[in-house]
Amino acid sequence: MSAPGEPGYSKSEIMIAASARQLVGVRNCFVGVGLPNIVCNLAQRTVAPDLQLVYESGVFGARPERLPLSIGDPTLATGATAITSMFELFAFYLQAGLIDVAFLGGAQIDRFGNLNTTVIGDYARPTVRLPGSGGACEIAIHARRILVIMRQAKRSFVDRLDFRTSPGHSGDPAHDAARGWTGTGPTCVVTDLGVWGFDADTGEMTLTSLHPGVTLEQVRENMGWEPRVAPELGTTEPPTAEELRLIREELDPGGIYTKPGA
Amino acid sequence: MSAPGEPGYSKSEIMIAASARQLVGVRNCFVGVGLPNIVCNLAQRTVAPDLQLVYESGVFGARPERLPLSIGDPTLATGATAITSMFELFAFYLQAGLIDVAFLGGAQIDRFGNLNTTVIGDYARPTVRLPGSGGACEIAIHARRILVIMRQAKRSFVDRLDFRTSPGHSGDPAHDAARGWTGTGPTCVVTDLGVWGFDADTGEMTLTSLHPGVTLEQVRENMGWEPRVAPELGTTEPPTAEELRLIREELDPGGIYTKPGA
Amino acid sequence: MSKVTTMRDAVAELVRDGDTVAIEGFTHLICFAAGHEIIRQRRRDLTLARMTPDVIYDQMVGAGVARKLIFSWLGNPGVGSLHAVRRRVEQADPEPLELEEYSHFGMVCRYMAAAANLPFFPIRSYYESDIPRVNPKIVPMRSPYEDGTEVYVVPPLRPDVAIVHAQRADAEGNAQIWGLLGCQKEAAFAAERVIVVCEELVEEATIRKDPNRTLIPGVIVDAVVEEPFACHPSFAQGYYDRDNAFYLAWDRIARDPETLQGWLDEWVYGLANHAEYVQKWGDAHWERLRPEPAPSGEVDYGRYR
Amino acid sequence: MSKVTTMRDAVAELVRDGDTVAIEGFTHLICFAAGHEIIRQRRRDLTLARMTPDVIYDQMVGAGVARKLIFSWLGNPGVGSLHAVRRRVEQADPEPLELEEYSHFGMVCRYMAAAANLPFFPIRSYYESDIPRVNPKIVPMRSPYEDGTEVYVVPPLRPDVAIVHAQRADAEGNAQIWGLLGCQKEAAFAAERVIVVCEELVEEATIRKDPNRTLIPGVIVDAVVEEPFACHPSFAQGYYDRDNAFYLAWDRIARDPETLQGWLDEWVYGLANHAEYVQKWGDAHWERLRPEPAPSGEVDYGRYR
């Protein structure tokens, strides 16, 4: 599948593998469609065997028999442990603080993990109208931890959001602690170039590892602010053979989300 | 069953029959246990064949196969058209104004149909501690019409309530109209002596008919204020043979609620 | 992860002196066996929350485990008064009992607020009623919108422990209930700790066949106890009927404090557990309470792969 | 009383120009057939409410029936954008489209407020988000209790018409749904008028066998339409799968206004009703979408007499 000199895995695959490892021991996770869905299913088969998949569509403890193509795929409902109305899912599970981890992404992210999924340009006359919040705004506030999966680019890693759909850190940890939210906000951002954490003192995104073969220069070229880099910048562990097998044979056999270029 | 010179029906039976006739054409009714339950079931078999029985326990469209001994009797659940949580019953049905008629009663009623089911005496040190509101307070506010079934006595038809659990009319119809409640309050009180309506101009309880053999003097002796009497005071139509048959053979064959003295 | 344990261990570990305890169930699925075990373990100073303090709370109050009730309707349903409760309220006999009362909808909304992690819950009730006058936790509030509609709000009620009974549950606590639902779900989500008691412990696969039937998810459950007939004299839809004769008998038993204590000695303190209670009533008793079958029929979820 | 009618009559009688219409269903049970009939009857100036304006609203917006959307997530789920919607929002092509947006929970709570006849509904969301800045209906409010917690409130959303699809319903409109529940119940209770569309019209006795399965009671329903495959390309749990190929195809169709109009001509205006749509797709198509069986199993309600 890979040309000589290429790493033998796609950008999506290393993003999936790196994200799945963030879920060690996690009890339940709010799953999105696409990459986050594959991440959670991979984690369930590797580092988090007890992981319960919770879908925004109201499904608890899903056991999908195929790769769900949306968070409302019928394969999620059949064989789940519970299905609730959207009201109850948001009120009793999310708002009540029962969700350990949730995945978010967006068209734009800033250095504090605030996300824009609403518009590019002016709200009233947007250049690009994006989907909007969905559940992201409340997920950002209530899930105990937020993981972000996004490809890096100057237009998406921006100094200033066009619109703040979902709140991240404020830049003032004392303020953040005083907000009294059940969630602690974004803790990790996995991109196609590396893995980022958030600095405890400033709430700022901090590069903790580069994917194999990626340079710091490439990272700088693909973002809109000067990155903060961890003192001991590491290299992301590449996907193992077993992880790749699970992704390619079980989780996304059609390569819909993971084939090179996807 | 009746001694010579006695009317051939019990006080409960004429109260039931008179109350059931209030339900002509009614679509749905919030049913209580005891007499109101028999009233609704009688109406369903006589003047209101389409009447749906709604129970505070969350049952819609019940078809009980036996006389329910409580509003939570299992015979109400089996074969109903819908069962809802108590939250939904109170929020989506009652508070939303879907309930046409509800029955209330109490230890005390005043001339405006306000009801006390909480305490006799001082609240903090009651002479008699009664059950409290249950759903009565919100039922009084939201059901389109309230019917009251109570036996008359000086201690229960009082000039002044010890505690107002459930609001009735205020005595000022302009105020009542401005309240904006979905319900119009009590429209009829059926007692063991007669049937009362409420005066449109004052909201005051008004005697519209005496049960056969009952005198106005008896009514006066069994209440705590000087009654308002309709200009054309009638005589309550006694229970028909068919109504008595239904009550005695189908609805309360054990006479739990309807035997003389019950 | 299995959370299956005995009633004795569940109560010993999860119900503590001074706790606010909610044994919910609107007429249906009232877990008397849990109340009896709390009496047997002689818990003290409990605040007992329940929409409808029923015979079980009269028994618990009579046994001296409670210092306070939070409720909306206080009675022996279809029968009359709760005499042990009334003695304490009317005559402080043998000691006072604190009452905090709401309407039904107010109680449900207190659980709802806690379950949904809301600081208050708005309802249209209490207008021109004396209830807010005697309960300062019920507070008027105006809508911030143009209509300016006045509502009342109630605060969250977060029991330390909720005990809910289900017809069936799996070892992790995923519980399925049919028939009257009461406010079991809201009370369970509202509570810090949850004990699920069930008529039948079933395989996870049984639960997964009909996920829409799951009322309470294992994720909020701390202990699962299999205890058939645990709701007697209340009922479990499809399993056994309400024992109305006992509700009537309780009226007589509870009228006299000594008779009540005698009953507790014979039926609670004198028995090691609910299995002995079931045995003491005898097989014929349970046979009389068993309904004929009325199957629900099946639906098809479809297998998508 | 039977409320059974045809989709044509239901839409003709109950959906009026200028109405606020909610066709709900979270991915599941989205009643495309109702949307098509509204297009076919050339309704105008509708405000379309839905948590997730899906391909059906892109079709309706493309057909010119709508002047406004009230929503929380705007997209072709799992695929990408709604191009007809985007053209109107980004380029006012052929005319502007008003947007009023919330988060998912905010939308659900707007329906909830209307369903429960509350003047507002409190939620813990929107903190430090720009959403309330662009939607002045989302208003901050403080808890009146000591904690003084700040929440936001949203106002009731009371559609003139809600159209909800169910797997089965009886002639009176008692509707049973399994699988994903979305906010169908809340939307139906919130609306002035309700159309229930179902895969199968069943005897009342079928509904009465499992009353806990009833999501929507006949008492709030105005019309019942039996319309198999009415949700295609969305799905009905246990009946047919989501037609993902169509969701992908729509992305291409909707990118070009002429292609979109051509599709509407062929698949909506050119057909008399949904039965012709079903026929046009052909039996083999429906056969491919049919899942294998996955029965729920039965429970016993017990017969008490």
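Notes on the structure follow. (Residues numbered from 1 in each chain as written. Chains lettered and ligands numbered in written order. Predicted model: local features only at pLDDT ≥ 70, side-chain atom pairs only at ≥ 80, totals over all residues. Heavy atoms only, no water.)

### Comments concerning the overall build of chain A
Thought 1: Looking only at helices and strands, chain A features eight helices and 14 strands.
Thought 2: In summary, chain A has a C-alpha radius of gyration of 18 Å against a globular reference of 18 Å for 262 residues, a match within 12%.
Thought 3: Seen through its principal axes, chain A has C-alpha atoms that stretch 50 × 50 × 40 Å.
Thought 4: A separation threshold of at least 6 residues defines the contact pool for chain A, and within that pool the share at least 24 residues apart is 65%.
Thought 5: When the accessible surface of chain A is totalled, it reaches about 9300 Å², and 52% of it is carbon and sulfur.
Thought 6: For chain A, the distance from the average position of its 22 positive side-chain charges to the average position of its 29 negative side-chain charges is 3 Å. (Helix = DSSP H or I, 4+ residues; strand = E, 2+ residues; numbered from the N terminus. Rg over C-alpha atoms; globule rule 2.2 N^0.38 Å. Contact = heavy atoms within 4.5 Å. Areas by Shrake-Rupley, 256 points an atom, 1.4 Å probe, with all protein chains shown as cover. Lys, Arg positive; Asp, Glu negative; His and termini not counted. Charge placed at Lys NZ, Arg CZ, Asp CG, Glu CD.)

### Observations concerning the packing of aromatic side chains
Thought 1: If you walk through the whole model with that rule in mind, you get 48 aromatic pairs over all chains.
Thought 2: When the centroid spacing of 5.8 Å and the interplanar angle of 20° are considered together, the rings of Trp181(A) and Tyr127(D) count as stacked. Taken as a pair, Trp181(A) in the loop between helix H6 (173-178) and strand E11 (186-190) and Tyr127(D) in the loop between strand E5 (121-123) and helix H6 (131-134) lie in two separate chains rather than in one.
Thought 3: Judged by its relative accessible area of 10%, Tyr127(D) falls in the buried class.
Thought 4: With a centroid separation of 5.0 Å and 45° between ring planes, the pair formed by Phe229(C) and Tyr240(C) is classed as tilted. Note that Phe229(C) is positioned in the loop between strand E12 (223-226) and helix H9 (244-255) and Tyr240(C) in the loop between E12 and H9, a separation of 11 residues in sequence.
Thought 5: The ring of Trp181(B) has Arg179(B) sitting right over it, with the charged end atom 3.8 Å from the ring centre.
Thought 6: The lysine or arginine in question, Arg50(D), covers the ring of Tyr57(D), its NZ or CZ lying 5.8 Å from the ring centre. (Phe/Tyr/Trp six-rings, centres within 6.5 Å; stacked < 30°, edge-to-face > 60°. Buried < 20%, exposed > 50% of the residue type's maximum accessible area, 1.4 Å probe, protein only. Lys NZ or Arg CZ within 6 Å of the ring centre and 35° of its normal.)

### A closer look at the pattern of salt bridges
Where charged atoms from two side chains of opposite charge come close, those side chains can pair.
Thought 1: Overall, the coordinates contain 73 salt bridges over all chains when judged by the stated rule.
Thought 2: A salt bridge links Glu242(A) to Arg245(A), with the shortest nitrogen-to-oxygen separation between them at 3.1 Å. Here Glu242(A) and its partner Arg245(A) are both found in helix H8 (residues 241-251), three residues apart, which amounts to about one turn of the helix.
Thought 3: According to the relative accessible area criterion, Arg245(A) is partly exposed, its value standing at 31%.
Thought 4: We note a salt bridge from Arg45(B) to Glu250(B), for which the minimum N-O separation is 3.0 Å. A residue pair is termed long-range when its members are at least 10 positions apart, and Arg45(B) in helix H2 (residues 35-45) and Glu250(B) in helix H8 (residues 241-251) qualify at 205 residues.
Thought 5: Given a relative accessible area of 37%, Arg45(B) falls into the partly exposed group.
Thought 6: Overall, Glu250(B) belongs to the partly exposed group, its relative accessible area being 38%.
Thought 7: Several salt bridges share partner residues, and in doing so they unite Arg67(C), Lys68(C), Glu98(C), Glu100(C), Arg110(C) and Lys137(C) into one network. (Salt bridge = Lys/Arg side-chain N within 4 Å of Asp/Glu carboxyl O.)

### Considering the pairing of strand E10 (residues 145-149) of chain A
Residue and element names in this part refer to chain A.
Thought 1: In terms of burial, E10 is largely enclosed, as four of its five residues are buried.
Thought 2: Bridge count for strand E5 (residues 101-104) against E10 is four bridges, and the pairing is parallel. Bridging across to E10, Phe 103 finds its partner in Leu 147.
Thought 3: Both E10 and E11 contribute to a ladder of four bridges, which runs parallel. Pairing of Leu 147 across the sheet is with Cys 188, part of E11.
Thought 4: Each parallel crossover has a hand, and the one from E10 via H6 to E11 is right-handed. (Pairing = 2+ DSSP bridges. Right-handed = clockwise from strand over helix to strand, strands pointing away.)

### Side note on the state of the cysteines
Thought 1: In this structure the tally under the stated criterion is zero disulfides over all chains.
Thought 2: No disulfide involves Cys137(B); its sulfur sits 12 Å from that of Cys109(C), the nearest cysteine.
Thought 3: Given the relative accessible area of 0%, Cys137(B) is considered buried.
Thought 4: The thiol sulfur of Cys183(C) is not disulfide-bonded, and the nearest other cysteine sulfur, from Cys109(C), lies at 10 Å.
Thought 5: Relative accessible area serves as the criterion here: at 1%, Cys183(C) is assigned to the buried category. (Disulfide = S-S within 2.5 Å.)

### Considering the nonpolar core
Thought 1: Leu23(A), Leu23(B), Phe121(C), Ile163(C) and Phe121(D) are the most contacted members of the largest nonpolar core, which has 345 residues in total.
Thought 2: Setting aside residues no more than four positions away along its own chain, Leu23(B) makes contact with Cys29(B), Val39(B), Cys40(B), Ala43(B), Val47(B), Ala48(B), Leu51(B), Val101(B), Phe103(B) and Leu147(B).
Thought 3: One finds Val61(D), Ala63(D), Ala84(D) and Trp267(D) within the second-largest nonpolar core, a separate group that totals 51 residues. (Core = buried A, V, L, I, M, F, W, Y, C linked by side-chain atoms within 4.5 Å.)

### Structural notes on the environment of Val194(D)
Thought 1: By secondary structure assignment, the location of Val194(D) is in strand E10 (residues 193-201).
Thought 2: Spatially, the C-alpha atoms of Val194(D) and Val15(D) are 10.0 Å apart, while their sequence positions differ by 179 residues.

### Quick word on the arrangement of the chains
Thought 1: Of all five pairs of chains in contact, the one with the most contacts involves chains C and D.
Thought 2: Separating chain A from chain B is a minimum C-alpha gap of 12 Å, and the two share no contact.

### Here we look at unusual backbone geometry
Thought 1: Of note, the amide linkage connecting Asp93(C) to Pro94(C) takes the cis form, showing an omega dihedral of 0°.
Thought 2: Mapped onto the fold, Pro94(C) is located in the loop between helix H4 (83-91) and strand E4 (98-101).
Thought 3: The omega torsion of the bond from His232(D) to Pro233(D) falls at 10°, within 30 degrees of zero and hence cis.
Thought 4: Take Pro233(D): it is sitting in the loop between strand E12 (223-226) and helix H9 (244-255).
Thought 5: The backbone phi angle of Thr27(D) is positive, close to 65°, even though this residue is not glycine.
Thought 6: In this fold, Thr27(D) is placed in the loop between strand E1 (20-23) and helix H2 (32-40).
Thought 7: For Thr27(D), a relative accessible area of 7% gives the class buried.
Thought 8: Here Glu128(D), not a glycine, exhibits a phi torsion of approximately 60°, which is positive.
Thought 9: When you line up the elements, Glu128(D) lands in the loop between E5 and H6.

### Here we look at helix H10 (residues 257-269) of chain D
All names here are of chain D.
Thought 1: For H10, which comprises 13 residues, the first-to-last C-alpha distance of 16 Å sits more than 12% below the rise-based estimate of 18 Å (1.5 Å per residue).
Thought 2: Of all the positions in H10, only Leu 260, Trp 263, Leu 264, Trp 267 and Val 268 are classed as buried. Buried residues in H10, looked at end-on, bunch into an arc of 105°, giving them a common side.
Thought 3: In this structure, the buried side of H10 is in contact with H2, helix H3 (55-62), helix H4 (83-91), H9 and helix H11 (274-281). (Expected span 1.5 Å × (residues − 1). Arc of directions from axis to C-beta.)

### Thoughts on the packing of helix H4 (residues 86-94) of chain B against helix H5 (residues 104-115) of chain C
Thought 1: It is at 9 Å that the axes of H4(B) and H5(C) come closest, and there the two elements cross at 115°. Taken as a pair, H4(B) and H5(C) cross one another with a handedness that is left-handed. Contacts between H4(B) and H5(C) pair Met86(B), Phe87(B), Phe90(B) and Ala91(B) from the former with His104(C), Phe105(C), Val108(C), Cys109(C) and Met112(C) from the latter.
Thought 2: Partitioned by chemical class, the residues of the contact of H4(B) with H5(C) number eight nonpolar, one polar and no charged. (Axes fitted to C-alpha atoms, helices over the stretch in contact; angles between N-to-C directions. Left-handed = near helix turned anticlockwise from the far one by under 90°. Nonpolar A, V, L, I, M, F, W, Y, C, P; charged D, E, K, R; others polar.)

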